[in-house]
Amino acid sequence: MTTTARVPILAGSDAETVAVKAIAERWGLPSETMDNDVFQLWLTDGVLALHWLQSPQKMSPLVVDFHQGKAAYRAQHTQLKNEAIAKAVGVSGQFKPSVVDGTAGLGRDAFVLAGLGCNVQLIERHPVVAALLDNGLHRARQEGDFIGDTCQRMQLIGTDNLFTGNGYTQEPDVVYLDPMYPKTGKQKAQVKKDMQMFQQLVGSDEDADTLLEPALALAKYRVVVKRPNSAPFLAGREPNSQIKSKKHRFDVYIKRGFHESAN
Ligand SMILES: C[S@@+](CC[C@H](N)C(=O)[O-])C[C@H]1O[C@@H](n2cnc3c(N)ncnc32)[C@H](O)[C@@H]1O
């Protein structure tokens, strides 16, 4: 289940109280701590970090930083021909589809697509995840480098736009979905520490099946759904094609070919 546990946001210094208030208001987060808080968000020197106070083992806080780690490496080394996601979404040398990422999470997949030249509008319903992502995008854009430019192509537009139909700046060519799927046995053991924290916060998206229909209504050409290899089809609906990678697959639902007109 999606966890809606209260997560307070706190300022690392007096200078940051105004910024904290703005983030709290934007994402509807409380500012007071309680004795039984499981998580807390801290804004320190402009960096928003999620602390898991009751984690089973010592863990670094969770921060969205597109300049660090795997994200940065992938951005510098991403090649169209090597990325299953690029194939599934239909990115080519000539065509960079506009994408709505309806389940943005920490923005990792969207970042790969933006790195390949796509404009990506992001939707994330969990307020804490959205606040972390927003902060990561904001900081990355301030750097005038390739990663900053990539993040300029990513716009976090809100929390429930897939269902309301509001907030889009363009009709997307493709809607991309990657809802949380309950992890089991072996998969669970392999989950990295930062992802353990993410899973503890967000839980599994039990209502994921409801995403497919609005996604199909919104997309001009196709909907792409990322699933663990062992997972059933979203909403039990068989895709038109599948692109498989080591741990997961991309189910592709085609509305029309990229060169076909709407009529
Ligand atoms: C597996 S994560 C996505 C990870 C993401 N693809 C990435 O690369 O970082 C799934 C996310 O979708 C969000 N989500 C699930 N259902 C949603 C909905 N109906 N609207 C918006 N976000 C949703 C969850 O809160 C969670 O953060």
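Our subject is the structure that appears above.
If you're wondering where the values come from, they're calculated on a predicted model, not measured in any experiment.

*Asks:* Honestly, a positive patch on the surface in this entry has me stumped. Any pointers?
*Replies:* Together, Lys70, Lys192, Lys246 and Lys247 make up a positively charged patch on the protein surface. Tracing the backbone shows Lys192 in the loop between helix H8 (185-190) and helix H9 (193-202).

*Asks:* Honestly, the site of the ligand in this entry has me stumped. Any pointers?
*Replies:* Looking at the ligand, there are 20 residues lining it, with Thr103, Asp109, Glu124, Asp178 and Asp205 nearest. Contact distances for the ligand include 2.8 Å between an oxygen atom and a backbone N or O atom of Asp109. Contact distances for the ligand include 2.8 Å between a nitrogen atom and a side-chain N or O atom of Asp178. Within the residue set of the shell around the ligand, elements represented by two or more residues are helix H4 (108-115) and H9. Residues belonging to the shell around the ligand are distributed by class as follows: eight nonpolar, six polar and six charged.

*Asks:* Explain the nonpolar core to me, please; I cannot follow it from the model alone.
*Replies:* Membership of the largest hydrophobic core comes to 62 residues, with the highest contact counts inside it found for Leu41, Leu50, Phe66, Val89 and Met154. By residue number, the principal contributor to this core is helix H5 (residues 127-141), which donates eight residues. Look past the residues within four positions of Phe66 in its chain and what remains in contact with it is Ala71, Ala72, Leu106, Gly107, Phe111, Leu133, Gly136, Leu137, Ala140, Ile147, Cys151 and Met154. Judged by nonpolar contacts, the second largest core, of 17 residues, contains Val100, Leu212, Leu234 and Tyr253.

*Asks:* Looking at this structure, I do not really get the sheet that holds strand E2 (residues 39-44). What am I missing?
*Replies:* Across a sheet, paired strands are connected by hydrogen bonds in the backbone, their directions being either parallel or antiparallel. Pairing is mixed in the open sheet, where three strands are placed in the order E1-E2-E3. Every interior strand has two partners, whereas the edge strands, strand E1 (9-11) and strand E3 (47-52), have only one. Going across the sheet, the axis of each strand differs from the next one's by a mean of 30°, ignoring polarity. Both E2 and E3 contribute to a ladder of six bridges, which runs antiparallel. Bridge pairing links Gln40 to His51 in E3. The sheet strands contacting H5 are E2 and E3, and the helix crosses E3 at an angle near 145°. On top of the sheet, H9 reaches E2 and E3; it is set at about 80° to E3, its chief contact.

Definitions and cut-offs
- Residues numbered from 1 in each chain as written.
- Predicted model: local features only at pLDDT ≥ 70, side-chain atom pairs only at ≥ 80, totals over all residues.
- Heavy atoms only, no water.
- Patch = residues over 30% accessible without salt bridge, like charges linked within 9 Å, V, L, I, M, F, W, Y side chains within 5 Å.
- Areas by Shrake-Rupley, 256 points an atom, 1.4 Å probe, with all protein chains shown as cover.
- Salt bridge = Lys/Arg side-chain N within 4 Å of Asp/Glu carboxyl O.
- Lys, Arg positive; Asp, Glu negative; His and termini not counted.
- Charge placed at Lys NZ, Arg CZ, Asp CG, Glu CD.
- Helix = DSSP H or I, 4+ residues; strand = E, 2+ residues; numbered from the N terminus.
- Near = heavy atom within 4 Å.
- Polar contact = N/O pair within 3.5 Å; in protein donor to acceptor, adjacent residues only side chain to side chain.
- Nonpolar A, V, L, I, M, F, W, Y, C, P; charged D, E, K, R; others polar.
- Core = buried A, V, L, I, M, F, W, Y, C linked by side-chain atoms within 4.5 Å.
- Buried < 20%, exposed > 50% of the residue type's maximum accessible area, 1.4 Å probe, protein only.
- Contact = heavy atoms within 4.5 Å.
- Pairing = 2+ DSSP bridges.
- Axes fitted to C-alpha atoms, helices over the stretch in contact; angles between N-to-C directions.

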